[in-house]
Amino acid sequence: MVQAKAWILIKHFDGFPKDSNFELKLEQLPEPKDGEVLLEAVFLTVDPYMRPYSRLHMKEGEVMLGAQVAK
């Protein structure tokens, strides 16, 4: 099994986000099947659009959205 990390939106925020607005959750992923690949995130984005998008389109408890560069 492979261990993965995901940032969870715990509470919507106004203004500057705090550490308490998010939780780093560890998950166990199954081994990749035939035709699947496993990538490691090297860089994650933190973009201004994430503030209004998360408030309008995300529920508390969901995985925070974003893009990444992976290897």
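Anyway, here's the lowdown on the structure attached to this text. (Residues numbered from 1 in each chain as written. Predicted model: local features only at pLDDT ≥ 70, side-chain atom pairs only at ≥ 80, totals over all residues. Heavy atoms only, no water.)

Section: the side chain of His12
- You can see His12 is positioned in the loop between β1 (2–9) and β2 (22–29).
- For His12, a relative accessible area of 17% translates into the label buried.
- Within the local environment of His12, its side chain forms a polar contact with the backbone oxygen of Met58, the two atoms lying 3.2 Å apart.
- When near neighbours in sequence (up to four residues on either side) are disregarded, His12 contacts Asn21, Ser54, Arg55, Met58, Lys59 and Glu60. (Helix = DSSP H or I, 4+ residues; strand = E, 2+ residues; numbered from the N terminus. Buried < 20%, exposed > 50% of the residue type's maximum accessible area, 1.4 Å probe, protein only. Polar contact = N/O pair within 3.5 Å; in protein donor to acceptor, adjacent residues only side chain to side chain. Contact = heavy atoms within 4.5 Å.)

Let's talk about the layout of surface pockets
- In this model, the largest pocket occupies a volume close to 1,100 Å³.
- Taken together, 32 residues line the largest pocket, and the ones lying closest to its centre are Lys5, Ala6, Trp7, Leu44 and Met64.
- Only β1, β2, β3 (41–44) and α1 (50–57) provide two or more residues apiece to the lining of the largest pocket.
- A breakdown of the residues in the lining of the largest pocket according to their chemical character gives 21 nonpolar, four polar and seven charged. (1 Å grid on protein atoms, 1.4 Å probe; cavity = no way out; pocket = protein on both sides within 12 Å on 5 of 7 lines; lining within 4 Å. Points joined across faces, edges and corners; volume = space filled by probe spheres on them. Nonpolar A, V, L, I, M, F, W, Y, C, P; charged D, E, K, R; others polar.)

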